[in-house]
Amino acid sequence: MNFLAGAFKPPCKISISLADGGARKKVPLKKENGQSVMVPLFHSQENIVGEVIIEPLYGKKVEHNGVKIELLGQIELYFDRGNFYDFTSLVRELDVPGDLYERKTYPFEFSTVEMPYESYNGVNIRLRYVLKVTISRNFVPNIVEYLDFVIIYSVVGVRNYSPPPAINNSIKMEVGIEDCLHIEFEYSKSKYHLKDVIIGKIYFLLVRIKIKNMELEIRRRESTGSGTNTYVETETLAKFELMDGAPVRGESIPIRLFLSPYELTPTYRNINNKFSVKYFLNLVLVDDEDRRYFKQQEFQLYRLLENP
Amino acid sequence: MIVDGIEDEEKWLAEGIAGIQQNAFYIHRALDANNLREALKFSAHMLSELRTSKLSPHKYYELYMRAFDELRRLEIFFKDESRHGVSVVDLYELVQHAGNILPRLYLLCTVGSVYIRSKDAPVREVLKDLVEMCLGVQHPIRGLFLRSYLSQVSRDKLPDIGSGDEGDADSVMDSVEFVLQNFTEMNKLWVRLQYQGPSQIREKREKERNELRDLVGKNLHVLSQIEGVDLDMYKDTVLPRVLEQVVNCKDELAQFYLMECIIQVFPDEYHLQTLETLLGACPQLQPTVDIKAILSQLMERLSNYAASSTDVLPEFLQVEAFAKLSGAIGRVIEAQADMPIVGAIALQVSLLTFTLYVHPDRLDYVDQVLGACVKKLSGMPKLDDNRATKQVVALLSAPLDKYNDIVTALTLSNYPRVMDHLDNETNKVMAMVIIQSIMKNNTCISTADKVEVLFELIKGLIKDLDGTALDEYDEEDFNEEQNSVARLIHMFHNDDPEEMVKIICTVKKHIMNGGPRRLPFTVPSLVFSALRLVRQLQGQDGDVVGEDIPTTPKKIFQLLNETIEALSSVPSPELALRLYLQCAEAANDCDLEPVAYEFFTQAFVLYEEEIADSKAQVTAIHLIIGMLQRMNVFGVENRDTLTHKATGYSAKLLKKPDQCRAVYACSHLFWVDDQDGLKDGERVLLCLKRALRIANAAQQMANVTRGSSGPVTLFVEILNKYLYYFEKENPQITSSAIQGLIELIATEIQNPASDVFFVSTLRYIQFQKQKGGLLAEKYDSIKIRFPFV
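The structure presented is a predicted model; accordingly, all values stated were derived computationally and were not measured.

Helices and strands together make up the secondary structure of chain B, namely 39 helices and zero strands. For chain B, buried positions account for 53% of its 789 residues. In chain B, the proportion of contacts linking residues at least 24 apart, taken out of those at least 6 apart, comes to 71%. Accessible surface, chain B: about 35,900 Å² in total, of which carbon and sulfur atoms supply 50%. One finds the centroid of the 83 positive side-chain charges in chain B at a distance of 5 Å from the centroid of its 112 negative side-chain charges.

Residues and elements named next belong to chain A. Burial along strand β1 (residues 12-18) is one-sided: Cys-12, Ile-14, Ile-16 and Leu-18 are buried, while Lys-13, Ser-15 and Ser-17, pointing the other way, are not. Pairing analysis gives seven bridges linking β1 to strand β4 (residues 48-56), with the strands arranged antiparallel. Of the residues in β4, the one forming a bridge with Ile-16 is Val-52.

Listed by partner, the interface residues are 19 residues for chain A and 22 residues for chain B. Of the roughly 1,700 Å² buried at the junction of chain A and chain B (both faces included), carbon and sulfur atoms supply 48%. Considering only the surface of chain A that becomes buried against chain B, Glu241(A), Asp244(A) and Arg256(A) emerge as the three largest contributors, covering 37% of it. Here chain A is connected to chain B by four salt bridges. Notably, a salt bridge pairs Arg192(B) with Glu251(A), separated by 2.7 Å at the nearest N-O pair. Between the two partners, chain A and chain B, sit twelve residue pairs in polar contact (both at pLDDT 80 or more). Broken down by secondary-structure element, the contributors of at least two residues to the side of chain A that touches chain B are β19 (231-244) and β20 (252-258) of chain A. Among the elements that line the side of chain A that touches chain B, the one with the most residues is β19(A), at six residues. Partitioned by chemical class, the residues of the side of chain A that touches chain B number eleven nonpolar, three polar and five charged.

Tracing the chain through its elements places Met701(B) in helix α35 (residues 681-706). Residue Met701(B) is classed as partly exposed on the basis of its relative accessible area, which comes to 46%.

What follows is about the side chain of Gln659(B). All names here are of chain B. Assignment of secondary structure puts Gln-659 in helix α34 (residues 656-666). Classification of Gln-659 as buried rests on a relative accessible area of 10%. A polar contact is formed between the side chain of Gln-659 and the backbone oxygen of Ala-651, at a distance of 3.3 Å. Ignoring any residue separated from it by four or fewer positions in sequence, one finds Gln-659 in contact with Ser-650, Ala-651, Lys-652, Leu-653, Leu-654 and Ile-694.

Glancing now at the sheet that holds β4(A). The pairing of strands in a sheet happens through backbone hydrogen bonds and is either parallel or antiparallel. Residues and elements named next belong to chain A. What the three strands build is an open sheet, ordered β1-β4-β9; its pairing is antiparallel. Pairing within the sheet leaves two strands with one partner each, and these edge strands are β1 and β9 (104-110). Averaged over all pairs of adjacent strands, the angle between strand axes in this sheet comes to 20 degrees, irrespective of strand direction.

Another aspect to go through is the side chain of Ser350(B). All names here are of chain B. Relative to the helices and strands, Ser-350 resides in helix α18 (residues 341-358). Residue class for Ser-350 comes out buried when judged on its relative accessible area of 12%. In this structure Ser-350 touches Ser-296 and Met-299, once residues within four positions along its chain are discounted.

Tallied over the entire structure, the rule returns 38 aromatic pairs over all chains. Ring plane angle 20 degrees and centroid distance 4.7 Å describe the contact between Tyr26(B) and Phe42(B), whose orientation is recorded as stacked. Note that Tyr26(B) is positioned in helix α1 (residues 2-32) and Phe42(B) in helix α2 (residues 36-48), a separation of 16 residues in sequence. Measuring from centroid to centroid gives 5.0 Å for Tyr607(B) and Tyr649(B), while their planes differ by 50 degrees, and the two rings are tilted. A residue pair is termed long-range when its members are at least 10 positions apart, and Tyr607(B) in helix α31 (residues 593-609) and Tyr649(B) in helix α33 (residues 636-651) qualify at 42 residues. Assigned by exposure class, Tyr607(B) and Tyr649(B) land together as buried. An aromatic cluster is defined as three or more aromatic residues linked by ring pairs; in this entry it consists of Tyr60(B), Tyr61(B), Tyr64(B), Phe68(B), Tyr106(B), Phe145(B) and Tyr149(B). Over the face of the ring belonging to Tyr85(A) we find Lys274(A), whose NZ or CZ atom lies 4.0 Å from the ring centre. Over the ring of Tyr365(B) we find Arg362(B); its NZ or CZ atom is 4.2 Å from the centre of that ring.

All names here are of chain B. A complete count under the given rule lists 41 salt bridges over all chains for this structure. Residues Glu-185 and Lys-188 are paired through a salt bridge, measuring 3.4 Å at the closest nitrogen-oxygen approach. Taken together, the residues span about one helical turn, with Glu-185 and Lys-188 both in helix α9 (residues 168-193) at a distance of three residues. Owing to a relative accessible area of 11%, Glu-185 belongs among the buried residues under this scheme. Lys-188 sits in the partly exposed class, given a relative accessible area of 33%.

This brings us to helix α29 (residues 553-568) of chain B. For α29(B), spanning 16 residues, the distance from its first C-alpha to its last is 22 Å, which sits close to the expected 22 Å at 1.5 Å a residue. All of the buried residues in α29(B) are Pro553(B), Ile556(B), Phe557(B), Leu559(B), Leu560(B), Asn561(B), Thr563(B), Ile564(B), Leu567(B) and Ser568(B).

With that settled, consider the sheet that holds strand β15 (residues 181-187) of chain A. All names here are of chain A. Strand order in the open sheet formed by four strands is β14-β15-β17-β20, and the pairing between neighbours is antiparallel. The open sheet terminates on both sides in strands that have one partner only, identified here as β14 (171-177) and β20. The mean inter-strand angle of the sheet, taken between neighbouring strand axes irrespective of direction, is 20 degrees. For β15 and strand β17 (residues 197-207), the ladder comprises seven bridges, and the chain directions are antiparallel. By the bridge assignment, Leu-181 is partnered in β17 with Val-207.

Residue and element names in this part refer to chain B. Across chain B, the average pLDDT comes to 83, with 92% of residues at 70 or higher. Within chain B, the lowest mean pLDDT, 70, falls on helix α21 (residues 406-410), and the highest, 94, falls on α2. In the model, residues 542-547 has pLDDT below 50 throughout and makes one contact with residues more than four positions away in sequence or in other chains. We note a pTM of 0.72 for the whole complex and an ipTM of 0.84 for its interfaces.

With that settled, consider the packing of α29(B) against α31(B). Residues and elements named next belong to chain B. Closest axis-to-axis distance for the α29/α31 pair is 11 Å, and the angle between their directions is 5 degrees. In terms of orientation, α29 lies roughly parallel with respect to α31. Along the contact surface, α29 presents Lys-554, Phe-557, Asn-561 and Ser-568, while α31 presents Val-595, Glu-598, Phe-599, Gln-602 and Leu-606. Across the contact of α29 with α31, the residue classes break down as four nonpolar, three polar and two charged.

Thresholds applied
Within each chain, residues carry numbers counting from 1 in the order of the written sequence. As they are written, the chains are lettered A onward and the ligands numbered 1 onward, keeping that order. Totals for whole chains, interfaces and linings use every residue, but because this is a predicted model, local features are given only for residues with pLDDT of at least 70 and side-chain atom pairs only at 80 or more, for both listing and counting. Excluding hydrogens and water, the side-chain figures rest on all heavy atoms present in the structure. Only DSSP runs of H or I with at least four residues qualify as helices, and only runs of E with at least two residues qualify as strands; both kinds are numbered from the N terminus onward. Burial here depends on accessible area, computed with a 1.4 Å probe over protein chains only, as a share of the maximum for the residue type. Under 20% is buried, over 50% is exposed, and the range in between is partly exposed. Residue contacts follow a heavy-atom distance rule, with two residues in contact if any of their heavy atoms lie within 4.5 Å. In this description, accessible areas are obtained by the Shrake-Rupley approach with a 1.4 Å probe, and a residue is regarded as covered only by the protein chains that are shown. Counting rule applied: Lys, Arg positive; Asp, Glu negative; His and chain ends not counted. Note on charges: their place is set at NZ of Lys, CZ of Arg, CG of Asp or CD of Glu. Only strands that DSSP links by at least two bridges are regarded as paired with each other. Buried area, as used here, totals the accessible surface that two parts lose on assembly, with accessibility defined by a 1.4 Å probe and the loss added over both. We count a salt bridge whenever a side-chain nitrogen from Lys or Arg sits within 4 Å of a carboxyl oxygen from Asp or Glu. In the analysis that follows, any N or O atom pair within 3.5 Å is treated as a polar contact, provided that within protein one partner can donate a hydrogen and the other can accept it, and provided that, for residues neighboring in sequence, both atoms belong to side chains. Under the scheme applied here, ten amino acids are nonpolar (Ala, Val, Leu, Ile, Met, Phe, Trp, Tyr, Cys and Pro), four are charged (Asp, Glu, Lys and Arg), and all others, including Gly, are polar. To define axes, lines are fitted to C-alpha atoms, for helices over the stretch in contact only, and angles between the resulting N-to-C directions are given on a 0 to 180 degree scale. For Phe, Tyr and Trp, where Trp contributes only its six-membered ring, two rings pair if their centres lie within 6.5 Å, and the inter-plane angle classes them as stacked under 30 degrees, edge-to-face over 60, or tilted in between. Consider the ring centre and the ring normal. A charge sits over the ring if Lys NZ or Arg CZ is within 6 Å of that centre and within 35 degrees of that normal. Expected helix span is given by 1.5 Å per residue-to-residue step, counting one fewer step than there are residues. pLDDT: the predictor's confidence for each residue, scored from 0 to 100. Working rule for angles: under 35 degrees goes down as roughly parallel, over 145 as roughly antiparallel, 65 to 115 as roughly perpendicular, anything else as oblique.

Below, the structure written as structure tokens:
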């Protein structure tokens, strides 16, 4: 087996490094196996500069039909596994066909790349950016392994920042159950940045049920596909208890929810006609018999430029 | 069922404590490692134990205290930024990430308390934020404890004057605002506790709430401890806000407790200056609130304050404390129409006590209070409520105790009117109190008018009131009462005879209504009181000899005559007889022969007509004889008449020995041992001989009936009389007569030696013989043969 294993080992080592690798900010990214890795962070319109190093093993010769590096923006739908949509694809040829005998370094550069969407790791969908190096080799046609070992993915997270919205109204609403419960709630804004604080209050106009507690949930709704093939997945990202015990008429309960501890993304609308991600604030009242009364309100999240 | 409940509770408590201890262990470890994140995580876990709803307030408190101790450590850790490297501002945000509200808020309060103490913290904002965020806990018990925690951790850090902050006044205001708001919210939660759960366990709820009340009251205490709360701030902000909450919460328990709290925690001086506001709240309280207890406490405090120093009295006057209190009480009574009468009276008692302390010189205030009572009591039947009666007694006793002087009370026009509303029994008790007060203080009542008023007050003792059956009286009590009245009469005195006569007339007028049972007690006092006046007049006789002087002894004697007459018809003849004799003596001293004669006549009439009992007769006749003997005012004729009568009655006594003794006593009527007294030796001898005859007869009767002659005491007694007159130089009494008598006795006695009386009489004679001098010569002729011993 060792012998065989050795036979299928890639004959060379490929590594990609970015020019400002050490200084660049890194963010965690969850892989399919559930583990997080730290990956460099890029903004849209940035230059991606670096080099590819190919180092043949055992002093072997590597024959190839050319080396290229691609920058890909992909959307991957989990329910449709294996189906990638590349919305961005840029290629740089690094080498013409020939043989490699020793370690060789190829610099590359993608200038002011348009990366319109953010990387996103959802329940049913993943949007990612990768650099892909391919060493094309000529083999007997019935062998297709070249994809396996010649391609190395290096993931680059890209996030887009937006300025604060010009119009940002509060969310205010009166809801209730006839003759049982009337409340009025207010969230100070309808649009929040990711490190924002949701301030608000709940005013009890009428309370005839025995409330046990009240919480505010942040829910994320991810919808993919279109038409009959639409998949909608909702997750609760935060449960934040607002009130303990039963209030009486006239009480006003404050809301202050810091968003920073939660793993949130900006709101995405119809990304590449493939998917949307929306966020909701769900106000839940639980009564003595664990019945739940709730009201869900969409709110928008955006990423605020940290150092404008 | 209930037992199970308690056992379960113990179990839950134990579980909670275990949870806290376990997490506390991890907290300690995190703190030792200066690991903020872990410390926060386990603190949140630990505090989650406080989310339980299963414990009663008492048990919950136990759990809370354990968590509290741990939080103190955490606070110290938070304070030291070098240990965790997070600024307090960031920490303040960090703790708010906790998902559960209760742990989140406990941690927030903990960090908040560190925050407000740190320099350049926006104290006002933080305080406001803390107290508002706590709104999230609406569960009464958990909310109360959380806010109590907030109050506890912040109280020593609140900005105050002297805390070195800039803008002192503002920051004090911030503190006050903070505490007030926390107080308001706590009170709301506390009140709400009442309305939770099924109504069957209402009583249990009330008990539990009582256990929690100090958590609420603590806020008021904190307020009182803030030095920056000066009178103005108290008046303008603190008190109105607190009262607003108290009034608006509409909860009996809370209102009562909080009013008490206000009164107890804030200084007296503030109360005095804000009386109007404080009192204004009272009528707005729930009708079931025991306002009288509240007001009583207030007045008690103010009274003590007034008593503490005379310097503060002007303040009381300045703020018209009395008028305000009086007005407030009036309004409360009016507002709470169904307040039991006892409550209203108790309020007035408190007010009275207050007045007596603060304005001891303002009798009109006292009268005003009493007037208010009369108003309240009028239109009602006599009090039959025991407690109310007690209160009225307290009301009436208070001025007596204070002034130590009934005379002052007598000037209170409403005093008797209040007494009218008491039932007869209590009325008497009250009358006794009044009398005792007079006795204790030795107060002299010096005018007829006062006497009149006083008798009006104590009329319960003086006469039978309507509807009281005589047989209801307890004999002992009755005697006690009447003795007191008798003593009281002696306290009426005026040196001016004219006024004194008026007093006596007044007294007479009243006691004459007393009825047969009272007269024997009261008349002697009156008589002696009058006789004292007579003696006094007699002393000044020389000075005032005007014709038209209304107060002559004669007049008084007339009065006395009537008085005693009343007594004799009661009938209490023996007592009347004695009094007649007393009067006769006084008349004698005043040289008023006809008057004295009249009194004697009355005495004899009584003797004849009323005194039937033989023993009483004996006593009476001896009294008559004794008094008559001393009379020197009578002319021969009158005297003869009287002595004749006396002697006659003596001889007519029932028993021989009594006859004998009375007769030999009569002998003194003929021998007055004075300078120019009557000395009729012959009649003396006649009396003695008669006595001897009676004694002899008695001896024989004894022989007949019992077969033995009784003792010879009578003979020996007569022998002693002989000896007396012998020594007084009565020529009719000779030594031979004495000698004969001695012989007679010696033969009569079977064993003379055993008769001590006789032997000692003989020894006396012997002694006189040996003494020498004139008397010895006289005795010389008497031979004594001592009996064999």
